[in-house]
Amino acid sequence: MKRIYLILFALPMFFIGCTKDNIATTDTTDSTGTGGIDVDTTTAVDLSEYDRTVTVVFSPSGNATVSGDGNGISASISGNGVTITNSGSSKVAYQLSGSTANGYLKVYSAHGQALVLNGVSITHPTGAAINIQGPQGDPGKGKLAKIVLTGSSTLADGTTYTGTPALEDEKAALFAEGGLLIAGSGTLTVNATGKSAITSDSYVHILDGPTVYANSTAGHGIRGKNYVLVSGGTLDINTSANLCKGISSDTLVRFDGGLTTIAVSGDAGYDSETSTYSGTAGIRAGTAFAMNGGTLTITNSGRGGKGIISPGTGTFTGGVVNVSATGANYPNATDTIAAKAVRFEGNIVFRGGSVVVKCSNNEAIESKGTITVSDGTVYAYSATDDAINSKGDFTITGGRLYAHSAGNDGIDANGNCYLRGGLVYAITTKGNPEVAIDANTEQRKQLYVEGGTLIAVGGLERGATLTQTCYQVSSWSKNAWYAMTVGSETYVFKTPERGNSLILSGSAQPTLLSNPTVEGGTEIFEGMLKVDATVSDGSSVNLSQYNGGGGGGGHWK
């Protein structure tokens, strides 16, 4: 019921503070889901493009050494603290090696640069381990820094940042005023205890090849102010600070490939800078989130935490997404911050890939705009609230959608709900007055069943328009397997623990068998349904035409 309520070869031969949730709503839906943002199209780093090579070797017991400087490139060395100023016209590739527990590299340059991390280990107890600034006197105008990984490298900051010049930013253990492009075939581990792990005041782009571990107990995992683009590689991000995000951008976060794992455990809390309460998130995208390829896994166990959140839009066209939000809702003095798994203020579009979303204490998927499903597989489960909810219209024209709620509606459209194609398995195990599929009849909206294949446990919103005939099951059992055949297609599904009605619909009148013998087939919906299986035996189940109602028509036994 509605509630009002990144080819790389060996050099020189190779080519190789936490933001808040509540900003103004931006709806930038386009055909690619990028909100019209131009992103870096680099696919490889070619070090032969650089005019000079400067080598920096850090020492665990002495001073760092620098070679290759001069002719416009000056180096200032204090122990293992190295500051390089490029005031000439050269593009420089810096080779970094050695180790230090009390050092750093800072670069001032008006030109782009490459930093080749050859198994280097740098810890800076009072600031960023690597800090890439713009030209001296105007450090804010930073240029692109290409980070090339060979071997295994480690960067770390300290719990307190001191001595940062007044005109400069130093926001992370690895910080750049310009863009950050991370490439290579090596591994980089960034451990931050004072601020974020990796931050650019422009953008962050991960190419195919590198492995990056970004860990922070005080800030974000990865932040690109303009955008974050993951084209490949392996990312493992862990954040535990309150209010902070695994990946954060003021605009776009986009995945085109790679293997990304994000774990967040911090709680929501009061942000003194903004005088508001805010929650954590696996990903926060300021204007748009786009999933085009790769594998993305997010877990958030923090109170009031989200998996993916954006004041803008969400577009899912490919790849594999798994999101789990297990934290409790966060009560505060002004309002409760809900621990939702996926939440967009703008529209959500599913047109490819696989999306699995689970939430313990609130809605699994929510849009304050519209939701459209035209392709791909979507699985949404909530233990306590709607499985999937739209403030506006909800339209299904293709793909496969599973929406299972143990505490409210399976599918809840606050506008109209249109079933026009695809496969929909909607479930509520709450019982009346909740239903499997709900539309906002209180505001004169309706559920329209016009096509596709439908299995609904828990009934349909009263007053639905059934252009395609629906059928109800006269008698059925909980926690049992059934085989529904519609024309030449057979769907083997398992009923949930409880419910109050079972409604079926397809392009032809379905037949139903209980407890069938099943061979082969492909499991979808986390094993709750099989397609392309061979079915035999079983007992025939009587069906009668369903003419509407609030979910009645079947009974448990």
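Residue positions are counted from 1 within each chain, in the order its sequence is given. Restriction of local features to residues with pLDDT of at least 70 applies here, the model being predicted, together with a cutoff of 80 or more for giving and counting side-chain atom pairs; totals for whole chains, interfaces and linings are based on all residues. Values shown for side chains rest on all heavy atoms present in the structure; no hydrogens or waters enter the calculation.

A. Spatial organisation of the overall build of the protein. Helix and strand definitions follow DSSP, with helices as H or I runs of at least four residues and strands as E runs of at least two, each counted in order from the N terminus. Each helix and strand in the protein was counted, giving 0 helices and 50 strands. For a compact globule of 557 residues, the expected C-alpha radius of gyration is about 24 Å, and the protein comes in at 27 Å, within 12% of that figure. When the backbone C-alpha atoms are referred to their principal axes, the protein occupies close to 85 × 50 × 40 Å. The cut-offs for exposure are 20% and 50% of the maximum accessible area for each residue type, with area from a 1.4 Å probe on protein chains only; residues under the lower value are buried, those over the upper are exposed, and the others partly exposed. By residue count, 57% of the 557 residues in the protein fall in the buried class. The reference for a compact globule is 2.2 Å times residues^0.38; the radius of gyration itself is calculated from the C-alpha atoms.

B. Region of the structure containing the packing of aromatic side chains. Two rings from Phe, Tyr or Trp (for Trp, the six-membered ring) form a pair when their centres are within 6.5 Å of each other. A pair whose planes differ by under 30 degrees is stacked, one over 60 is edge-to-face, and the rest are tilted. Tallying each qualifying case throughout the model produces 12 aromatic pairs. Aromatic pair Y402 and Y425: ring centres 5.3 Å apart, planes at 90°, arrangement edge-to-face. Highlighted residues: Y402 in strand β36 (residues 400-405) and Y425 in strand β38 (residues 417-428), separated in sequence by 23 residues. Just as Y402 is buried, Y425 falls in that class too. Note on Y482 and F493: the rings are 5.9 Å apart at their centroids and 20° apart in plane angle, and the pair reads as stacked. Highlighted residues: Y482 in strand β43 (residues 481-486) and F493 in strand β44 (residues 489-494), separated in sequence by 11 residues. Taken together, the ring pairs in this structure connect Y379, Y402, Y425, Y482, F493 and F525 into an aromatic cluster. Whether a charge sits over a ring comes down to the Lys NZ or Arg CZ being within 6 Å of the ring centre and within 35 degrees of the ring normal. A cation over a ring is seen here: K91 above Y50, with NZ or CZ 4.8 Å from the ring centre. In this structure, R420 packs its charged tip against the face of Y418, placed 4.2 Å from the ring centre.

C. Summary view of the pattern of salt bridges. Here, a salt bridge means any Lys or Arg side-chain nitrogen found within 4 Å of an Asp or Glu carboxyl oxygen. Applying the stated criterion across every chain, the model contains 14 salt bridges. When the shortest N-O distance is used, the salt bridge between R420 and E450 registers 2.8 Å. Of this pair, R420 sits in strand β38 while E450 sits in strand β40 (residues 447-457), and the two are 30 residues apart along the sequence. Classification of E450 by relative accessible area gives partly exposed; the value is 33%. The structure contains a network of salt bridges with shared partners spanning K340, R343, E345, E363, E366 and K368.

D. Representation of the sheet that holds β43 in the model. A pair of strands is treated as paired once DSSP finds two or more bridges between them. Taking strand neighbours across the sheet as the criterion, the 6 strands line up as β47-β48-β44-β43-β46-β49 in an open arrangement whose pairing is antiparallel. Of all strands in the sheet, those bounded by a partner on one side alone are β47 (517-524) and β49 (539-540). Pairing between β43 and β44: 6 bridges, direction antiparallel. The partner of A483 across the bridge, within β44, is V492.

E. Inspection of the pairing of strand β7 (residues 113-118) at higher detail. Counting buried positions along β7 yields 5 of 6 residues, so the element is predominantly enclosed. Of the strand pairs in this sheet, strand β5 (residues 92-100) and β7 are connected by 5 bridges, and their pairing is parallel. Bridged to L96 within β7 is L117. Two elements, β7 and strand β10 (residues 145-150), share 6 bridges in a ladder whose sense is parallel. In the sheet register, A114 faces β10, and the bridge partner there is K146.

F. The environment of D51, seen in detail. Among the secondary structure elements, D51 is positioned in the segment before β1 (52-58). For the pair formed by D51 and S89, sequence separation is 38 residues and the distance between their alpha carbons is 9.2 Å. Contact definition: two residues touch when any of their heavy atoms are within 4.5 Å. Residues within four places of D51 in sequence aside, it is in contact with S89, S90 and K91.

G. Spatial organisation of the environment of S90. In this fold, S90 is placed in the loop between β4 (80-86) and β5. Distance from S90 to Q113, taken between C-alpha atoms, is 9.2 Å for residues 23 residues apart in sequence. Once residues within four sequence positions are removed from consideration, S90 is found in contact with D51, R52 and H111.

H. Fine view of the side chain of H205. Within the secondary structure, H205 is located in strand β16 (residues 203-206). A relative accessible area of 0% means that H205 is categorised as buried. Every residue in contact with H205, bar those within four places of it in the chain, is listed here: D40, T42, L180, L181, I182, L229 and S231.

I. Seen up close, the state of the cysteines. Cysteine sulfur atoms are paired as a disulfide whenever they come within 2.5 Å of each other. Per the counting criterion, the structure on display carries 0 disulfides. We note that C417 lacks a disulfide partner, and the nearest cysteine sulfur, in C470, lies 12 Å from it. Residue C417 is classed as buried on the basis of its relative accessible area of 0%.

J. Summary view of the nonpolar core. Put simply, a nonpolar core is a bunch of buried Ala, Val, Leu, Ile, Met, Phe, Trp, Tyr and Cys residues held in one set by side-chain atoms that sit within 4.5 Å of each other. By size, the foremost hydrophobic cluster in this structure holds 97 residues, and its most contacted members are I198, I283, F289, I365, F394, I411 and I437. It is strand β31 (residues 348-359) that provides the largest number of residues to this core, a total of 5 residues. Once you skip the residues sitting within four places of it in the chain, I198 turns out to touch A172, L174, L180, I182, V190, V212, A214, G221, I222 and R223. The next biggest cluster of nonpolar side chains, apart from the first, holds 25 residues, and it includes I427, W476, A480 and V486.

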